[in-house]
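Inside the fold
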Amino acid sequence: MTTNNSTVILITGANTGIGYATAQALLTSPSPSPSNPMTVIITSRTLDKAVKASRDLQTNQAFSEAFESGCRIVPKQLDIHDEVSVKALHNEIAEEYGKLDVLVNNAGAHYDFQVASGKMSTRDAFLKSFTTNVVSTHLFTETFIDLLLASSAPRLLFLSSGISSLGDHSNPHVPVNQSPPAGWPKQPVFQVPTYRTSKTAMNMMILEWCRTLKNDSVKIHILDPGFLSTTLGGAQPEVLKEKGAKDPIEGGRFIRSVIEGKRDDDHGKLIGVDGIIPW
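Reading the values: the criteria
Residues numbered from 1 in each chain as written. Predicted model: local features only at pLDDT ≥ 70, side-chain atom pairs only at ≥ 80, totals over all residues. Heavy atoms only, no water. Helix = DSSP H or I, 4+ residues; strand = E, 2+ residues; numbered from the N terminus. Buried < 20%, exposed > 50% of the residue type's maximum accessible area, 1.4 Å probe, protein only. Contact = heavy atoms within 4.5 Å. Salt bridge = Lys/Arg side-chain N within 4 Å of Asp/Glu carboxyl O. Phe/Tyr/Trp six-rings, centres within 6.5 Å; stacked < 30°, edge-to-face > 60°. Core = buried A, V, L, I, M, F, W, Y, C linked by side-chain atoms within 4.5 Å. Axes fitted to C-alpha atoms, helices over the stretch in contact; angles between N-to-C directions. Parallel < 35°, antiparallel > 145°, perpendicular 65-115°, else oblique. Left-handed = near helix turned anticlockwise from the far one by under 90°. Nonpolar A, V, L, I, M, F, W, Y, C, P; charged D, E, K, R; others polar.

All right, on to the overall build of the chain then. For the chain, the count of helices and strands is nine helices and eight strands. Within the chain, buried positions represent 47% of all 279 residues. Pairs at least 24 residues apart make up 74% of the contacts formed inside the chain by residues separated by at least 6 positions.

Okay, structure coming up:
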């Protein structure tokens, strides 16, 4: 078992995108030291992808100082839809570390682009989005609560989205809030109803965790990492950059700042880089 002075952080879906960028950001944190190293567990649905991501980080000279200070990157297989996979990972972490200090629920699903291209029905997109973003995320979290409560300072993070906000839904400055011209059927423009609806439901699920764990000293954070150029939902990063999306590392640094305690006054609220987002 790793010594208890190690801060154990688990990131779901971390072989690419925001999850991978979060691992990068953590490895450039000024706080790790030999007396307080980090163990960052990065997961992927296939172990090979997690191992490759781990090797890429370990061989990057930009992170050499972190590794010299005792930080570790540990690749693990995880499919949050697979109960056997979830329980196997739980048992491994329990045996190897005996606790979990930070759980970053990053793994998510976005199918609206597939609906727009005719590759998926709206019904399937709604069902799959809710299964991943709400049901499987909730059940995965439930499995790991005992390990979080074994930590002296547990943090539970969920990646939501600013476009999940009901209070901000009429904001005309948000592209997905703009209404298309009259007539039916509507042309497939940049609309993401199944994704944003599932994230709104996810917010309620998270608030239920806030209620359930209110007296357990768990800091729960609901994050909007911003408009980032990732491949989520089959998007093309270069196209997103042309629309103003930022590099994923910007989101990774924001998540790192939350893990480091810089937004503790806002725990239990939907927050973005620029402040609190209305429900």
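On to the pattern of salt bridges, then. Opposite charge on two side chains permits them to pair, given that their charged atoms come into close proximity. Here the structure, examined in full by the defined rule, presents 11 salt bridges. Between Lys99 and Asp101 there is a salt bridge, with its nearest N and O atoms 3.0 Å apart. A salt bridge links Asp264 to Arg155, with the nearest nitrogen and oxygen atoms 2.7 Å apart. Highlighted residues: Asp264 in the loop between α9 (248-259) and β7 (270-272) and Arg155 in strand β5 (residues 155-159), separated in sequence by 109 residues.

Let us now look at the packing of aromatic side chains. Summed over all chains, the structure comprises one aromatic pair. The interplanar angle of 40° and the centroid separation of 4.6 Å between the aromatic rings of Phe140 and Phe144 together place this pair among those described as tilted. With Phe140 and Phe144 both in helix α6 (residues 122-149) and four residues apart, the pair spans about one turn of that helix. Exposure class is identical for Phe140 and Phe144. Each is buried.

Counting 31 residues, the largest nonpolar core has Leu10, Phe140, Phe144 and Ile220 as the members making the most contacts within it. Breaking this core down by element, the ones donating at least two residues are β1 (7-11), α4 (83-96), α6, β5, α7 (193-212) and β6 (219-223). Looking at this core, the element that brings in the most residues is α6, giving six residues. Among all residues touching Phe140, those that are not within four sequence positions of it are Leu10, Thr12, Leu78, Ile80, Val86, Leu89, Leu103 and Asn105. Ala14, Ile18, Ala23 and Ile42 belong to the second largest nonpolar core, which has 27 residues in total.

We now examine the packing of helix α1 (residues 17-27) against helix α2 (residues 47-58). Two elements in contact, α1 and α2, have axes whose closest approach is 11 Å; the angle formed by their N-to-C orientations is 30°. Considering the angle they form, α1 stands roughly parallel to α2. By crossing handedness, the relation of α1 to α2 is classed as right-handed. Contacts from Tyr20, Ala23, Gln24 and Leu27 in α1 reach Ala53, Asp56 and Leu57 in α2. Tallied by class, residues from the contact of α1 with α2 come to five nonpolar, one polar and one charged.

Looking at the secondary structure, you find Arg256 in helix α9. Using a relative accessible area of 15% as the deciding quantity, one classes Arg256 as buried. Sequence separation of Arg256 and Thr22 is 234 residues, and the distance between their C-alpha atoms is 6.5 Å.

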